[in-house]
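# Reading the structure
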Amino acid sequence: MNLSIVTYPDKKLKETSKKVEKFDLELAEFLDAMYPIMMNTNGIGLAAIQVGYAIRAMILNIPDEEDLQSLDNLIEMINPILTSKSGETIYQEGCLSVPTFYEDINRFEFVTVNYQDRDGNTKTIEANGLLAIAIQHEMDHLEGILFIDKLTYSRRKKFEKEYKKMLKEKKNSSKS
Ligand code: QAP
Ligand code: CO
């Protein structure tokens, strides 16, 4: 399976992802293919829509205390549902689909999520810290929402300007 990252302003990122019904080999192979994409691009979270598949699947890999990422800490969430949320936190978020841009975003501090693993088994996770933030960020992708959609009007304008400039510079440096 040959996957690549879909980047803003691709309209694909606005799609609402569909519930996964079949927990088959195809799903397993898709999840296996998502992992290296996330690791090779220094990501800590990736939703299926970010590689062009509108299905309710996402993977997370939060670094440990030594700042290392490991397969042991990989979480695969299929059909996640938020069952409780509390508190507030602010974190400077980024997104593999919105490269080089980071902004402070408000999220819940604690979340509880019901989801299924790749075999269709039901799981529950209680999360806080960076994991809780990442879960909310990736679940937004399933609804076609990007972190930049949460910015104030003036911050969004600043983003659009900076992002256009970045894309132009990237284009120019690739044609030399
Ligand atoms: C979502 O984000 C997230 O701009 C995952 O040039 C964000 O993995 C969860 C990345 C914040 C929790 C907190 C972004 C890589 C990676 C970039 C990412 C870039 C290269 C973002
Ligand atoms: Co993202």
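Please refer to the structure higher up on the page.
Residues numbered from 1 in each chain as written. Chains lettered and ligands numbered in written order. Predicted model: local features only at pLDDT ≥ 70, side-chain atom pairs only at ≥ 80, totals over all residues. Heavy atoms only, no water.

### A look at the coordination of the cobalt ion (ligand 2)
- Here the cobalt ion (ligand 2) is held by the protein donor atoms C95 (SG), H137 (NE2) and H141 (NE2), which lie 2.1 to 2.2 Å from it.
- Coordination of the cobalt ion (ligand 2) draws on donor residues from a single chain, spaced C-x41-H-x3-H in sequence. A residue pair is termed long-range when its members are at least 10 positions apart, and C95 in the loop between β4 (89-93) and β5 (103-107) and H137 in helix α2 (residues 129-142) qualify at 42 residues.
- The class of C95 is buried, set by a relative accessible area of 10%.
- For H137, a relative accessible area of 7% corresponds to the buried category. (Donors = N, O, S within 2.8 Å, 3.2 Å for Na, K, Ca; no water. Helix = DSSP H or I, 4+ residues; strand = E, 2+ residues; numbered from the N terminus. Buried < 20%, exposed > 50% of the residue type's maximum accessible area, 1.4 Å probe, protein only.)

### Observations regarding the site of ligand 1
- Surveying the vicinity of ligand 1 reveals 19 residues, the closest of which are G43, I44, L96, T100 and Y102.
- Here an oxygen atom of ligand 1 sits 2.8 Å away from a polar atom, N or O, in the main chain of I44.
- Taking T100, its main chain carries an N or O atom lying 2.8 Å from an oxygen atom of ligand 1.
- Protein coverage of the free-state accessible area of ligand 1, which is 510 Å², stands at 86%.
- For the shell around ligand 1, the elements supplying multiple residues, two or more each, are β4 and α2.
- If you tally residues by element for the shell around ligand 1, the top one is α2, at 5 residues. (Near = heavy atom within 4 Å. Polar contact = N/O pair within 3.5 Å; in protein donor to acceptor, adjacent residues only side chain to side chain. Areas by Shrake-Rupley, 256 points an atom, 1.4 Å probe, with all protein chains shown as cover.)

### Topic: the nonpolar core
- Counting residues in hydrophobic clusters, the biggest one holds 19 residues, and the most contacted among them are M58, L60, M77, V113, I125, L131 and I135.
- Sorting the residues of this core by element identifies β2 (57-61), β3 (74-86), β6 (110-116), β7 (122-127) and α2 as the ones contributing at least two each.
- If one sorts the elements of this core by residue count, α2 sits on top with 6 residues.
- Beyond its immediate chain neighbours, meaning those up to four positions away, L60 contacts M38, I44, G45, N73, L74, I75, M77, L131, A134, I135 and E138.
- By size, the runner-up hydrophobic cluster in this structure holds 17 residues, among which are V20, L31, Y35 and M38. (Core = buried A, V, L, I, M, F, W, Y, C linked by side-chain atoms within 4.5 Å. Contact = heavy atoms within 4.5 Å.)

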